[in-house]
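One letter stands for each residue in the lines below.
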Amino acid sequence: MTIAAHPLVARARELADGLLSPAAERVDQEGVPPGHIEAVKRSGLLGVSAPVAYGGSAAPASVVRETAEILAGACCSTWFVQTQHQTPVLTLAGTDLPVRDRLLGPLARGELLSGVAYAHLRSYPRVPVRVRREADGWRFSGTVPWYTGWGLNDVLLLAGVTEDDEALFAFVEAREQPGLRPSEPMRLAALTASRTVSLDLDGLRVPEAAVALRMPYLRWAAADRPKTRNANPAVFGIAEAALALVEEEYAAVLRGRLAEIRRRAYALADHPVPYEHAEERLAVRADAFTLLRTATTAALVSGGGRAMSLDHRAQRLAREGLFLLVQGQTSESRTAHLKRLAERYESGR
């Protein structure tokens, strides 16, 4: 079966063309509506990577990437809310703790939508969220700087660092409760629609049965680091959407370059050893962002003065491209990206 013929790819295109893309400019200004989330839940896309035994599809990486490109290119805000769900699913699929049997099925079948609150772990040795042991569970204290999907998610996967320098992940209900208070929704230059807040944790109690992962921080960080070196499929989805707004005689050249960078990026992503080719992965990631910037700039130029309107597609795509520049960024990827940009101008390219 080709990627294009896969049922989940067909559902993603149907969802994108029939619902997400036509409403994207309105959603950008008003917020991701519950109806979009319900449609994503019904589509089966929330279980794209989940085990078949729990109601998922266990689709190959190529299908996962293709559906991400399609959704991001149609409505990046909706894509960003639902893409948070994939980390909790994969976390549960890789554990044998009791929470797996309680939550993996509902998450894989799209009965529940999960968010994530763990990116702050990457700021270690600074520890924004501390976890301390109690007799029958754990207490979380501190601040989660960014949490996406508030008011749309059913549960969230929350992480912190214990006194023994372990990374601990646990599921909690995604609602205000004793020990958990959200900020007002953030006003952002892009993806305000994704309902992003910060979370104030004041001794939030989490039972042991909710724990999904617990391991030494350095071991977790070593496994996490390679994930931020690869190009995000959403970059290619937004670039494709931008090029669709450009006259074909100009878009064709950029589309060819896009295809080449995508091929290199996905070949590296499929490499069996994720720790190898680190510098090349980061370089290709930076090249993908450069192409995205060029594609969205071309769309803006093609749109002329009308593209400065907040309800113009080219302007929305350009802002979404800016968001992806910093989404999931680490000190390593930031340094590599800046170095790549400087090298490009040093060589006169």
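Residues numbered from 1 in each chain as written. Predicted model: local features only at pLDDT ≥ 70, side-chain atom pairs only at ≥ 80, totals over all residues. Heavy atoms only, no water.

Which residues make up the packing of aromatic side chains, and what values do they have?
A full pass over the atoms with the stated rule returns nine aromatic pairs. On the basis of an interplanar angle of 75° and a centroid distance of 4.9 Å, the ring pair of F80 and F323 is categorised as edge-to-face. Note that F80 is positioned in helix α4 (residues 76-83) and F323 in helix α11 (residues 313-326), a separation of 243 residues in sequence. Overall, F80 belongs to the buried group, its relative accessible area being 7%. Residue class for F323 comes out buried when judged on its relative accessible area of 15%. Arranged with centres 4.1 Å apart and planes meeting at 25°, the rings of Y124 and Y217 form a pair that is stacked. Placement of the pair is Y124 in the loop between β1 (114-117) and β2 (129-134) and Y217 in helix α7 (residues 217-224), with a sequence separation of 93 residues. Accessibility expressed as a relative area gives 27% for Y124, which makes it partly exposed. Here Y217 falls in the buried class, since its relative accessible area comes to 6%. Aromatic ring contacts, followed pair by pair, group Y118, Y124, F169, Y217 and W220 into a single cluster. Above the face of the Y266 ring, R65 is positioned so that its terminal group lies 4.3 Å from the ring centre. (Phe/Tyr/Trp six-rings, centres within 6.5 Å; stacked < 30°, edge-to-face > 60°. Helix = DSSP H or I, 4+ residues; strand = E, 2+ residues; numbered from the N terminus. Buried < 20%, exposed > 50% of the residue type's maximum accessible area, 1.4 Å probe, protein only. Lys NZ or Arg CZ within 6 Å of the ring centre and 35° of its normal.)

Tell me about the state of the cysteines, residues and numbers included.
Scanning the entire structure with this criterion turns up zero disulfides. C75 takes part in no disulfide bond, and the closest cysteine sulfur to it belongs to C76, at a distance of 7.7 Å. A relative accessible area of 0% means that C76 is categorised as buried. (Disulfide = S-S within 2.5 Å.)

Please set out unusual backbone geometry residue by residue, giving values where relevant.
Between Y124 and the following residue, P125, the backbone shows a cis peptide bond with an omega angle of 20°. Considering the arrangement of structural elements, one finds P125 in the loop between β1 and β2. Within the chain, D165 stands out as a residue other than glycine whose phi angle is a positive 60°. By the element assignment, D165 lies in the loop between β4 (155-162) and β5 (166-173). According to the relative accessible area criterion, D165 is partly exposed, its value standing at 35%. The backbone phi angle of H277 is positive, close to 60°, even though this residue is not glycine. Relative to the helices and strands, H277 is located in the loop between α9 (248-269) and α10 (278-303). The partly exposed category is assigned to H277, whose relative accessible area is 38%.

Got a sec to walk through the pattern of salt bridges? Specific residues and values, please.
Under the criterion given, the structure shown has 26 salt bridges. Of the charged contacts, one joins D200 and R181 as a salt bridge, the two residues approaching to 3.2 Å between their closest N and O atoms. One end of the pair, D200, is in strand β7 (residues 196-207); the other, R181, is in strand β6 (residues 180-182), with 19 residues separating them in the sequence. R181 sits in the partly exposed class, given a relative accessible area of 48%. (Salt bridge = Lys/Arg side-chain N within 4 Å of Asp/Glu carboxyl O.)

Explain α4 residue by residue, including any values.
Here α4 lies mainly inside the structure; seven of its eight residues are buried. If you check which residues of α4 are buried, you get C76, S77, T78, W79, F80, V81 and Q82.

Please set out the pairing of β5 residue by residue, giving values where relevant.
Regular strands show a simple pattern: their side chains alternate between the two faces of the sheet. Counted residue by residue, β5 has seven buried out of eight residues, so it is predominantly covered. Strand direction decides the pairing type here: β4 and β5, joined by seven bridges, are antiparallel. The partner of V161 across the bridge, within β5, is A167. Hairpin remark: β4 followed by β5, antiparallel, with three residues in the connecting loop; positive phi at D165, about 60°. Bridge count for β5 against strand β8 (residues 211-216) is five bridges, and the pairing is antiparallel. Looking across to β8, one finds that A167 is bridged to M215. (Pairing = 2+ DSSP bridges.)

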